[in-house]
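# Results of the structural survey
As a plain string of letters, each chain reads:
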Amino acid sequence: MFNSGKVGSASSSKSAVRVSILLTLLVFGLLRFTAIMVVHAQTASDPGVRGGPPGAGNWFTNLTPLEEGEFQILFSNFVEQEEVTTGGGGDVLRTGLGPRFDSNSCNSCHAYPAVGGSSPPQNQLFSVYQLNGAKNEMPFFETPNGPTLVARFPFQTDLKTPDGHVHALFVITGRSDAGACNIAQPDFVTAAATNNLIFRNTTPTFGGGMLEVIKNSDLINNGLAVCNSSQNQGVCGHPNLQPDGSVGRFGWKAQNRSLLTFSAEAYNVEEGVTNLFFPNEIDETPGCVLNPLPEDQINFDPTVPPKMFPGDPERFAITMRFMAPPAPGTCPGGNAGSCTNGLVQFTNVGCALCHTQSFTTPPHVITPLSNAQAFLYSDVLVHHMGPCNADNVAQGSAAGDEWRTTPLWGIGQRVFFMSDGRTSDIVQAIEDHSCAGNSQYPASEANQVITNFNALSAENQQDLINFLRSL
Amino acid sequence: MFRQVYHNSKTPRSRRMVRVLVFSALLLMLPSGITVLGGGKQPITVKDPGVRGGPPGAGGPVAGICTSKNQTGCGAATGGEQRVWLATQSTFKQVNSVTGTAPIGLGPRFNSNSCVSCHSQPAPGGASPPSNPLFSVYQLDGAQNTMPFFESTNGAALDGVFPFLPNTQTPDGTVHQLFTVTGRSDASGCSISQPTFVQSNLATRNPISTFGDGLIEIILSSDIKNNAAAVCSSNSLGICGTPNTSGNDGSVTRFGWKGDLRSLQFASGLFYNVEMGVTNEMFPNEIDETPGCNPNPLPESSTNFNAGIQDYQFPGDPERFAIFMRFLAPPTPGNCPGGNAASCINGQAQFNAIGCVLCHTTSFTTPASSTGPGLSNQVATLYSDLVLHHMGPCLADNVVAGAAQGDMFRTPPLWGVGKRMFFLHNGIETDIIKAIGDHNCAGNSQYPASEANAVYQNFKALNGTQNQQDLINFLRSL
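Read on for a plain summary of the structure. (Residues numbered from 1 in each chain as written. Chains lettered and ligands numbered in written order. Predicted model: local features only at pLDDT ≥ 70, side-chain atom pairs only at ≥ 80, totals over all residues. Heavy atoms only, no water.)

Before going further, it helps to spend a moment on helix H6 (residues 216-228) of chain A. If you check H6(A), its first and last C-alpha atoms are 18 Å apart, about what 13 residues at 1.5 Å a residue would give, namely 18 Å. Of all the residues in H6(A), the buried ones are A:Asn216, A:Asp218, A:Leu219, A:Asn222, A:Gly223 and A:Val226. (Helix = DSSP H or I, 4+ residues; strand = E, 2+ residues; numbered from the N terminus. Expected span 1.5 Å × (residues − 1). Buried < 20%, exposed > 50% of the residue type's maximum accessible area, 1.4 Å probe, protein only.)

Turning to the state of the cysteines, a few remarks are in order. Counting across every chain of the model gives nine disulfides over all chains. In this model, A:Cys388 is linked to A:Cys435 through a disulfide, with the two sulfur atoms separated by 1.9 Å. Here the S-S torsion is close to 85°, and the disulfide linking A:Cys388 with A:Cys435 is therefore right-handed. Here A:Cys435 lies in the loop between helix H10 (426-431) and helix H11 (447-455) and A:Cys388 lies in the loop between strand S7 (382-384) and strand S8 (402-404), a separation of 47 residues in the sequence. What makes A:Cys388 exposed here is its relative accessible area of 52%. Here B:Cys190 is linked by a disulfide to B:Cys293, with a sulfur-sulfur distance of 2.1 Å. Taking the sign of the S-S torsion, 95° for the link of B:Cys190 and B:Cys293, the bridge is right-handed. Taken together, the positions of B:Cys190 in the loop between strand S3 (179-180) and strand S4 (203-205) and B:Cys293 in the loop between helix H6 (264-274) and helix H7 (317-326) put the pair 103 residues apart, joining distant regions of the chain. Judged by its relative accessible area of 5%, B:Cys190 falls in the buried class. (Disulfide = S-S within 2.5 Å.)

Turning to the side chain of A:Asp283, a few remarks are in order. Residues and elements named next belong to chain A. Within the element layout of this structure, aspartate 283 appears in the loop between helix H7 (259-269) and helix H8 (312-321). In terms of polar contacts, aspartate 283 uses its side chain to reach the side chain of arginine 100, at 2.9 Å. Side chain to side chain, aspartate 283 and threonine 285 meet in a polar contact 2.5 Å long. Every residue in contact with aspartate 283, bar those within four places of it in the chain, is listed here: Pro99, Arg100, Ile183 and Val289. (Polar contact = N/O pair within 3.5 Å; in protein donor to acceptor, adjacent residues only side chain to side chain. Contact = heavy atoms within 4.5 Å.)

The next thing to look at is the interface of chain B and chain A. Many authors give the size of an interface as the accessible area that is lost as the parts come together. On the chain A side, the residues contacting the 61 residues of chain B number 53 residues. Between chain B and chain A lies a buried interface of about 4600 Å² when both sides are counted; carbon and sulfur atoms form 62% of it. Counting the surface chain B buries against chain A, the share from its top three residues, B:Asn248, B:Asp249 and B:Phe305, is 15%. Between chain B and chain A we count one salt bridge in total. The salt bridge partner of A:Arg321 is B:Glu281, with a shortest N-O separation of 3.4 Å. If you look at where chain B meets chain A, you find 30 residue pairs in polar contact (both at pLDDT 80 or more). For the side of chain B that touches chain A, the elements supplying multiple residues, two or more each, are helix H2 (81-93), helix H5 (221-234), H6 and H7 of chain B. Here the side of chain B that touches chain A takes five residues from H6(B), the largest share from any one element. In terms of residue class, the side of chain B that touches chain A is built from 26 nonpolar, 22 polar and 13 charged. (Buried area = accessible area lost by both parts, 1.4 Å probe. Salt bridge = Lys/Arg side-chain N within 4 Å of Asp/Glu carboxyl O. Nonpolar A, V, L, I, M, F, W, Y, C, P; charged D, E, K, R; others polar.)

Rendered as structure tokens:
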């Protein structure tokens, strides 16, 4: 039996330790109970996206009045729709879309269950791709009720040299505000035919302000404790280290360090808006660099309020930093005891070896982010997930088969699972953690844990699923 | 003394005589005597005239910085540039303490306590000054640091990078800060040790001048790539550079000795934490989290939500550092050392003819900039292709950074080199002729030969000639 106390002690907070001790007691208490239960053949089913109010999208309630006042205004930046130029009569502060882009606003993809979240049930790209006369075709892998996916090519056209970059879905060609820019969308059909196309599903940003400031040493020590445990069931992750030696935290491969660097990167990569971090267009074809660079810039006008002084990425980052983590909801089925047992099973089978229950933030200048326990259910490290899940994209020290442990807070209201959004069934998503190794990549680190999950009684399995959908 | 031997005599006698006379006149102004072996076919002794005298030629803002919204090419959103730039000068010069009155956040590990400490020659924003500034920083306020062996009072202010982890095999490549706050009166309760620096696992890095960087950061990636590709396909000297690119947007990264940094904004956030230990909204955690050593809430430099502030006080310090550097004008070339402008004109011709210019590309032109006329459509005469080249095992430091292998370096821009004290990534040379010589290196089993070898042979063929002295004079005029 794996030692839940050891895993739960990742956080330096006393409360987390207390939770772990309680869990340990519960594990042993319930084990005696479950041991005498009959194992049903029927497997658990996903109750689906939890109903009720969105447990996310609100900002922290204990911001200072000044902070909260700024937030309400900054929030509008997150939902603004970018245009290419002012040629269509738009506002100069909202120009810069393209020449290549995936969408025209942050909240187009970060939408569910509230602004700042993940892919909504209806794919918003269908209302974007031909906007303002754009002549885009919808790539074959986007579906009206599927996740909003961005595409990467693991390799260059020689199929050997690593690429790994996002290849934006759409171009501005044909838009009334895009002048004579004439470029073609990437050839996704050929890329797919040569097995050189992978997808990334939108990750939610709630609680990102806590995630970005968890101590590096807490993350590293937690990971080392698991690696060094004789009961780690084959789990041993590692950090994706950044240029200053800190632990990367955001993105499917933990390639981004902070909300600010993430905002600036996505602004250019996803929307094509050049900014002070990434001041050049991704495609510099003559006729397609339509605005002075960077398109998002400091506003030196002394008559605008100070919060309008920096570029948009600072405001995006503040918005996300001030958003509270998702609040768990009621247990699906209405029986709280089911989810209580589900957490025990979750810990018991070893899910928590990677999906670390919580970390506590260090003192922070923003009160709600200071000494706060973040129940993110992630170790924020990257793990080998087997060839079935490998996308052959290396980012930093995350290899082609390695993924950041996805934080599970808010997963009760998430529609699409796994890096490529391939399933909406959380049971299937769990099963997809299991994968044998091959000559290129080792087996998934989760294999033994999934075996443990499959060995659970149907009731315990269902409780575990219910617990996840309560988050 | 760097004594050269004269080998060929293709220059017409009369021109050569004039040059020798001019050079002799120059020598009268030099502190140390050098023997010029007469006129005729006899060789001359080529010498680095040293750091150019006269005004700094750098440190001010770009000529076209907007001073009002009514200025040509400016508007409401850019009119305040000069107002803000002047304010950011003091941010670049501010000295951070560990705790107490702002600005705070120094350490727990740091290389220095202000930007200008290392970026000061010949003006704030520049490179390492003649006297190593770290000697006035390392024991400040009671700090108990010892000075690492590779720092010297009249040497460059060097960073220490460990190529490998202690197992000597796993790549490291991060900066290991020279100093700690232990012992400082504003750092009570923090007790940590300096790194143990050993020559066998050490790469040192010399501060880079930031003048003109606002132009460099917006040069089109495609212009950089096309220039490099044209050189690769057109020269027979073995020169073919590689861009270092961002793993995010694929753009050409262009700052730092290995060309691995994309923008001033990003570099400011990174180095505020790496060089000074000040956590910020890009890099919000301390590099060393030993209990007792993190006295401040994180991040130590952050958005200012207070009412009644100036607009430029809203973001954290890195935004202000970046504004300061973005609008710093490129260095202005000075008079040709010796006073004969023709020497430097010929020197540039020699620089081009022997192939220096294959990597040290004369200029790029910036695209239209949203900052207005200061950075828009400007010819940036930077003398760099901004891409990476193999420089041989002699210069290799075994540090990998993005596409830059252990033997690869970004071509350092040469604008302002006339006023520079220390050359090469490790600041090991103060004589520009020796720095040129260091470009020459045979390959070994680990790394290929330097791409500059054939060009160096061309340079060597000019030994003892006025053409070589002219080339050196040209460089020192920049």
